[in-house]
Amino acid sequence: MKIVIFAGGSGTRFWPISRNNFPKQFHPLINNKSTIELMVENIVPTYGWNNIYFATTEKLVSLIKNFFPELPTGNIITEPIQRDVGPAVGLAMLKLQKLGAGDEPVTVLWGDSYAGKSESFRKVLNLAEKKLRIEPKKLVWLAQPPSFANENVGWIELGEKLGEEDELSYYKLSGFKYRPKLEVAEEWFESGNYAWNTGYFVTTPNFILEKYEIHNKEVYSVLSKIRESLDTEKEITTVQEEYPKMPAVHFDNIVLDNIDNSEAEIISADFAFNDPGTLYALKQFMEEKKSDNVCKGKVYNYDTKDSLVFNYVSSQTVTTVGLDGFIVVNTPDALLVCHKDDVKRIKEMLTEFKDTDLERLL
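**Concerning the nonpolar core**
Moving on, step 1. Residues I5, F54, F121, L142 and Y212 are the most contacted members of the largest nonpolar core, which totals 118 residues.
Moving on, step 2. Top contributing element to this core by residue count: helix 3 (residues 85-101), with nine residues.
Moving on, step 3. Filtering out sequence-adjacent residues up to four positions away, Y212 remains in contact with G86, V89, G90, K217, V219, Y220, L223, F251, I254 and V255.

Shown next, in the form of structure tokens:
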């Protein structure tokens, strides 16, 4: 089975820790390791470097090579520019199809999240692979039973239980749900009929590209032009010229919004999935109890609670007084102070930096 780890995102909700040239998936956030390193550690022992691919942008290729020198150079799939997840997944599937893996199982993972229980995660991947080898025209979603009412992740509604194998339960798909309000997440959590949507899935390139052909002809037509150039001297030039012509469209809009529930299954298993998608979500992961502060660097808190305070400037001490539910991140060139309820608005703010002097901070 091939594994594709997508690592091209800029992690804007983690600003100012995450920057365009060094996004959050490469930062040592968890036990002095990055999420992308933790993910690779999970899968290399079973699948080996030859079966692992990275999908990323040109500006991050050198980072991938520096982090993982064992990776074959040909296993980096490069986008000339970002065009959202839809084109990125399409290009990766096209490459694997060209390699002769059209009907082979392929796992899609995301470098800015990880699975904390390695053995359990590998069991899930093994079961998904077995299912795809029997039914290659399918998508098997990997879901995590919720441990709390998380409003920072998507959810999946579980349909009828189809069976159990190797102590793993699998279900029909009932529907995908996006990040809910807290009160809705609490309802889903209590119901027991939902799981966290990890974004990880196992499918085949042929199945996915068929969906592209049916549901987004604009993207598919560009991919078809790129396909003709693969493994020729025109490949690099063609990708650079044609890829930017694709619209920025999400994978969900092409495939998930159009997939028939009979074409998908869900394996719901506890592999300790964690997606620190925002700075406050990182705080929630690292805390022992909600009132705890999570700190890094020289920090002194007085009567402060439920806050994340990270200081990356060794010559300074960051002090706080009376904060409750705040994010404070101090870096050499930028300081962020934000209430936890507004942490999602960081991404909105950064759009105003473009084409100004502040663009240098992105």
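**A closer look at the packing of helix 7 (residues 217-229) against helix 8 (residues 235-242)**
Moving on, step 1. Across the interface, helix 7 lies against helix 8 with an axial gap of 8 Å and an inter-helix angle of 170°. The pairing of helix 7 with helix 8 is recorded here as roughly antiparallel in orientation. Within the contact between the two elements, helix 7 uses V222, K225, I226 and S229 and helix 8 uses E235, T238, V239 and E242.
Moving on, step 2. Considered class by class, the residues forming the contact of helix 7 with helix 8 number three nonpolar, two polar and three charged.

**Remarks on unusual backbone geometry**
Moving on, step 1. In this structure, the amide linkage connecting W15 to the following residue, P16, adopts the cis form with an omega of 10°.
Moving on, step 2. Residue D166 is not a glycine yet carries a positive backbone phi of 55°.
Moving on, step 3. Among the secondary structure elements, D166 is positioned in the loop between strand 7 (154-165) and strand 8 (168-177).
Moving on, step 4. Residues other than glycine seldom take positive phi values, yet E167 does so here, at roughly 65°.
Moving on, step 5. When its relative accessible area of 69% is taken as the criterion, E167 is described as exposed.

**So, the packing of helix 3 against helix 7**
Moving on, step 1. Between helix 3 and helix 7, the least distance of the axes is 10 Å, while the angle of their chain directions is 35°. Crossing of helix 3 over helix 7 shows right-handed handedness. Here G90, L91, L94, Q97 and K98 of helix 3 come into contact with helix 7, specifically with L223, I226 and R227.
Moving on, step 2. Residue composition of the contact of helix 3 with helix 7, by class: four nonpolar, two polar and two charged.

What counts, and where the lines are drawn
Residues numbered from 1 in each chain as written. Predicted model: local features only at pLDDT ≥ 70, side-chain atom pairs only at ≥ 80, totals over all residues. Heavy atoms only, no water. Core = buried A, V, L, I, M, F, W, Y, C linked by side-chain atoms within 4.5 Å. Buried < 20%, exposed > 50% of the residue type's maximum accessible area, 1.4 Å probe, protein only. Helix = DSSP H or I, 4+ residues; strand = E, 2+ residues; numbered from the N terminus. Contact = heavy atoms within 4.5 Å. Axes fitted to C-alpha atoms, helices over the stretch in contact; angles between N-to-C directions. Parallel < 35°, antiparallel > 145°, perpendicular 65-115°, else oblique. Nonpolar A, V, L, I, M, F, W, Y, C, P; charged D, E, K, R; others polar. Left-handed = near helix turned anticlockwise from the far one by under 90°.

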